[in-house]
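Listed here are the chains, written in short residue letters.
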Amino acid sequence: MPSSPAARQALLERIDAAARGAGHGSAHLLAVSKTQPAEAVRALAAQGQRAFGENYVQEALAKQRELADLTLEWHLIGPLQSNKCREVALHFDWLQSLDRAKLIAPLAQHRPAGREPLNVLIQVNIDDEASKSGCKPDEIAALAARIVTEPALRLRGLMAIPAPAPDAETRRAAFAHMRELFDALRVEHPAIDTLSMGMSDDFELAIAEGANLVRIGTALFGARPMTRASR
Ligand SMILES: *Cc1c(COP(=O)(O)O)cnc(C)c1O
């Protein structure tokens, strides 16, 4: 199902309503285009969508080449292996999945001089013991302190993918915990401004708990082709 202008518009209205309800102005929409063809990105860009999220570096680079005539903002939201830091520093505007210190130096080293710093979110493993992605909450402060020593990187905030919980209250608690971690980090780093959480199934709940960047794939593009794991 290709995304229609009406689908994006309806989504933007739901995001706005949730942000107004939460009393915090606005929340931004990141269109998650993993597994979607470049033409689907182009169609959404024609509707005014500028920020796109990808999980796999190689897939993203191929799409970026096809869409080189457009000015888009690319976010890496999938796990980052150290041997891909160079590509990310060269070809992305945001990295939402920084979760360990060893990525920081290679990212900074490969960010081209004269380009805007790479915007960075620290990914937090908020409740999913089994997941290998994301740092522990008590590792956030040290990672943040290290990131801000690099002028080529700009710390913008936190990102999380709570485990799919069967009930809304468990999810709400994970989002609320992220909000507390974000507020605590902002005491030390007042410039941070982005809390990325919430996907197609739970973005309104995430916004109610303080998200101001939601990452949405299915509700925007329709179901993903089943060629890859979806998470
Ligand atoms: C796939 C993915 C999304 C989007 O998920 P939907 O349920 O399709 O909206 C958001 N964030 C991350 C990190 C993802 O991998």
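Every chain's residues receive numbers from 1 upward, in the order its sequence appears when written. Only residues with pLDDT of at least 70 get local features here, since the model is predicted, and only at 80 or more are side-chain atom pairs given and counted; chain-wide, interface and lining totals rely on the full set of residues. Hydrogens are left out, water is left out, and the side-chain values use all remaining heavy atoms of the structure.

Asks: Mind laying out the overall build of the chain, listing which residues take part and the relevant values?
Replies: For the chain, the helix and strand inventory stands at nine helices and eight strands. Each of the three principal axes of the chain carries a C-alpha extent, and together these read 45 × 40 × 35 Å. Scored against the burial criterion, the 231 residues of the chain give a buried share of 52%. We call two residues contacting when some pair of their heavy atoms lies within 4.5 Å. Counting only contacts in the chain whose residues sit at least 6 apart along the sequence, the fraction spanning at least 24 positions is 58%. Accessible surface is estimated by sampling points in the Shrake-Rupley manner with a 1.4 Å probe; for residues, cover comes only from the protein chains shown. Carbon and sulfur atoms make up 53% of the accessible area of the chain, which totals about 10800 Å². Counted as positive: Lys and Arg. Counted as negative: Asp and Glu. His and the chain ends are not counted at all. Charge positions are represented by NZ for Lys, CZ for Arg, CG for Asp and CD for Glu. Distance between charge centroids for the chain: 5 Å, based on 27 positive and 28 negative side chains. Each helix is a run of H or I in the DSSP string that is no shorter than four residues. Each strand is a run of E no shorter than two, and both are numbered from the N terminus. When accessible area is computed with a 1.4 Å probe and restricted to protein chains, residues below 20% of their type maximum are described as buried, those above 50% as exposed, and intermediate ones as partly exposed.

Asks: Hey, could you go over the site of the ligand for me, with residue numbers and the actual values?
Replies: The local shell around the ligand holds 13 residues, among which Lys34, Asn55, Ser200, Thr218 and Arg224 are the closest. Contacts to the ligand include Thr218, whose side-chain N or O atom sits 2.5 Å from an oxygen atom. In isolation the ligand exposes 390 Å². Once the protein is present, 94% of that is buried. Only heavy atoms are used to decide nearness, and a residue is near a molecule or strand if one of them lies within 4 Å of it. Residues adjacent in sequence count toward polar contacts only when both atoms are side-chain atoms; beyond that, a polar contact is any pair of N or O atoms within 3.5 Å, and within protein one must be able to donate a hydrogen and the other to accept it.

Asks: An account of unusual backbone geometry is requested, with residue identities and associated values reported.
Replies: For Thr35, which is not a glycine, the phi torsion comes out positive at approximately 70°. Mapped onto the secondary structure, Thr35 falls in the loop between β1 (28-32) and α2 (38-46). A residue is classified by how much of its surface remains accessible, and Thr35, at 15% relative accessible area, is buried.

Asks: For the side chain of Arg171, give the residues involved together with the corresponding values.
Replies: Among the structural elements, Arg171 can be located in helix α7 (residues 168-188). For Arg171, a relative accessible area of 16% gives the class buried. The contacts of Arg171, once residues within four sequence positions are left out, are Pro164, Ala165, Asp201, Asp202 and Leu205.

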